[in-house]
Amino acid sequence: MNIAFQGRNISIKNPNICPHCHIVNTPHVQWQVETRNTDNTPTLITAWTCSNEMCKKIFIASYKEDGQSAKFDRFLNGLPKGPEWPKPINDLKSGNPKINEQPEQTRFIKTYLQSLVAENSGLDELAGMGFRKSIEYLVKDWAIQNKPEDKEKIENSWLGAVIKDYYTGDLKEILERATWLGNDQAHYNRIFEEYDIDVLKELIALIMVELDRQFKMKHYIDNIQKRK
Ligand SMILES: [Zn+2]
């Protein structure tokens, strides 16, 4: 799109994805305004409507001065796209959904996405604590799914105790390490200073892959039985 910016007619790259629905489409521009960033650099703020019929939300994109042109900087609203959630994790039940009520979104995914928003907004201290909380939801809800009769016990136990009692092998080792790094994010003095939020997210990604693998293996072992 051609646009007036800093007294010149320049060309900017239209956004081709919506930060709400994350579907690639051709958004329509609604308005634009020239302003200045907090560091006083000329900035172009543009508003768009998503052309995906199911979404149609308005989103705001900012562009930064870049020599004779302006380049896309970031979306000012919408949600960051989380990782691809493995199906068993997406389907994980959380809390106590009432009968006839839409089950609430998995608390792990909800908390993870909120932490991602915090991280993208530069709130790294909050993001770290949020990822730590998301691990607790995942660990406990998964253990409850595997052993519903222990629901109350699991809900009332410390995270470390649940990992010790309900997980084994490498997965248990990785869960413990993710918890150490996660706890570090919530404490005054950091013990694992060389590991940042990216490492914590990497461990969470590993945990999801392993839970997905175990779930699928159990499913096929249980469902495909020997026939004569
Ligand atoms: Zn959209």
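The structure under discussion appears in the preceding block.
Just so we're clear, the structure is a prediction, and the values are computed from it rather than from any experiment. (Residues numbered from 1 in each chain as written. Predicted model: local features only at pLDDT ≥ 70, side-chain atom pairs only at ≥ 80, totals over all residues. Heavy atoms only, no water.)

K.L.:
Describe the coordination of the zinc ion, and please don't skip the residues or the numbers.
P.N.:
All of the protein donors around the zinc ion are Cys18 (SG), Cys21 (SG), Cys50 (SG) and Cys55 (SG); their distances to the metal are 2.3 Å. Every donor counted, the 4 donor atoms about the zinc ion form angles of 105 to 114° at the centre, which fits tetrahedral coordination. All donors of the zinc ion come from a single chain, and their spacing in sequence reads C-x2-C-x28-C-x4-C. In terms of burial, Cys50 and Cys55 fall into one category: buried. (Donors = N, O, S within 2.8 Å, 3.2 Å for Na, K, Ca; no water. Tetrahedral: all angles 85-135°; square planar, octahedral: opposite > 155°, others 65-115°. Buried < 20%, exposed > 50% of the residue type's maximum accessible area, 1.4 Å probe, protein only.)

K.L.:
Break down the packing of helix H3 (residues 124-146) against helix H5 (residues 159-166) for me, citing the residues and quoting the values.
P.N.:
Relative to each other, H3 and H5 sit at 40°, their axes nearing to 10 Å. Taken together, the axis directions place H3 and H5 in an arrangement best described as oblique. Judged by the sense of rotation from one axis to the other, the crossing of H3 with H5 is left-handed. The segment H3 lies against H5, with Arg132, Glu136, Val139, Lys140 and Ala143 engaging Leu159, Val162, Ile163 and Tyr166. In the contact of H3 with H5, the residues fall into 6 nonpolar, no polar and 3 charged. (Axes fitted to C-alpha atoms, helices over the stretch in contact; angles between N-to-C directions. Helix = DSSP H or I, 4+ residues; strand = E, 2+ residues; numbered from the N terminus. Parallel < 35°, antiparallel > 145°, perpendicular 65-115°, else oblique. Left-handed = near helix turned anticlockwise from the far one by under 90°. Contact = heavy atoms within 4.5 Å. Nonpolar A, V, L, I, M, F, W, Y, C, P; charged D, E, K, R; others polar.)

K.L.:
Explain helix H7 (residues 197-223) to me, and be specific about the residues and the numbers.
P.N.:
With 27 residues, H7 should cover 39 Å at 1.5 Å per step; its first-to-last C-alpha distance of 39 Å lies within 8% of that length. Among all positions in H7, only Ile197, Leu200, Lys201, Leu203, Ile204, Ile207, Met208, Leu211 and Asp212 are buried. In this structure, the buried residues of H7 make contact with helix H1 (87-90), helix H2 (107-120), H3 and helix H6 (169-186). The residue sitting at the N-terminus of H7 and contributing the capping side-chain oxygen is Asp196; that oxygen lies 3.2 Å from the backbone nitrogen of Asp198. (Expected span 1.5 Å × (residues − 1). Polar contact = N/O pair within 3.5 Å; in protein donor to acceptor, adjacent residues only side chain to side chain.)

K.L.:
Give a description of H5 that names residues and reports values.
P.N.:
Those residues of H5 that fall on the buried side of the exposure criterion are Leu159, Val162 and Ile163. For H5, the angular spread of the buried residues around the axis is 100°, confining them to a single face. For H5, the elements touching its buried residues are H3, helix H4 (151-155) and H6. (Arc of directions from axis to C-beta.)

K.L.:
Describe in detail a nonpolar patch on the surface, supporting the description with residues and values.
P.N.:
A contiguous nonpolar patch, built from Leu123, Leu126 and Met129 and spanning about 270 Å² of accessible area, is present on the exposed surface. Tracing the backbone shows Leu123 in the loop between H2 and H3. When its relative accessible area of 41% is taken as the criterion, Leu123 is described as partly exposed. (Patch = residues over 30% accessible without salt bridge, like charges linked within 9 Å, V, L, I, M, F, W, Y side chains within 5 Å. Areas by Shrake-Rupley, 256 points an atom, 1.4 Å probe, with all protein chains shown as cover. Salt bridge = Lys/Arg side-chain N within 4 Å of Asp/Glu carboxyl O.)

K.L.:
Any details on the environment of Ile197? Residues and values, ideally.
P.N.:
On the secondary structure map, Ile197 appears in helix H7. Note on Ile197: relative accessible area 9%, which makes it buried. Linking Ile197 and Pro27, residues 170 residues apart in sequence, is a C-alpha distance of 33 Å. The contact partners of Ile197, leaving out residues within four places of it in the chain, are Glu119, Asp124, Ala127, Gly128, Phe131 and Gln185.

K.L.:
Would you mind going over unusual backbone geometry in detail, with residue names and values included?
P.N.:
If you check the backbone angles, His22 has positive phi at about 60° while not being a glycine. Counting through the fold element by element, His22 comes out in the loop between strand S2 (8-11) and strand S3 (28-36). Despite not being glycine, Lys56 has its phi angle at roughly 55°, a positive value. Examined against the element boundaries, Lys56 turns out to sit in the loop between strand S4 (42-49) and strand S5 (58-66). Looking at Lys56, the relative accessible area reads 45%, which means it is partly exposed.

Interpretation in functional terms is not warranted from these geometric data alone.
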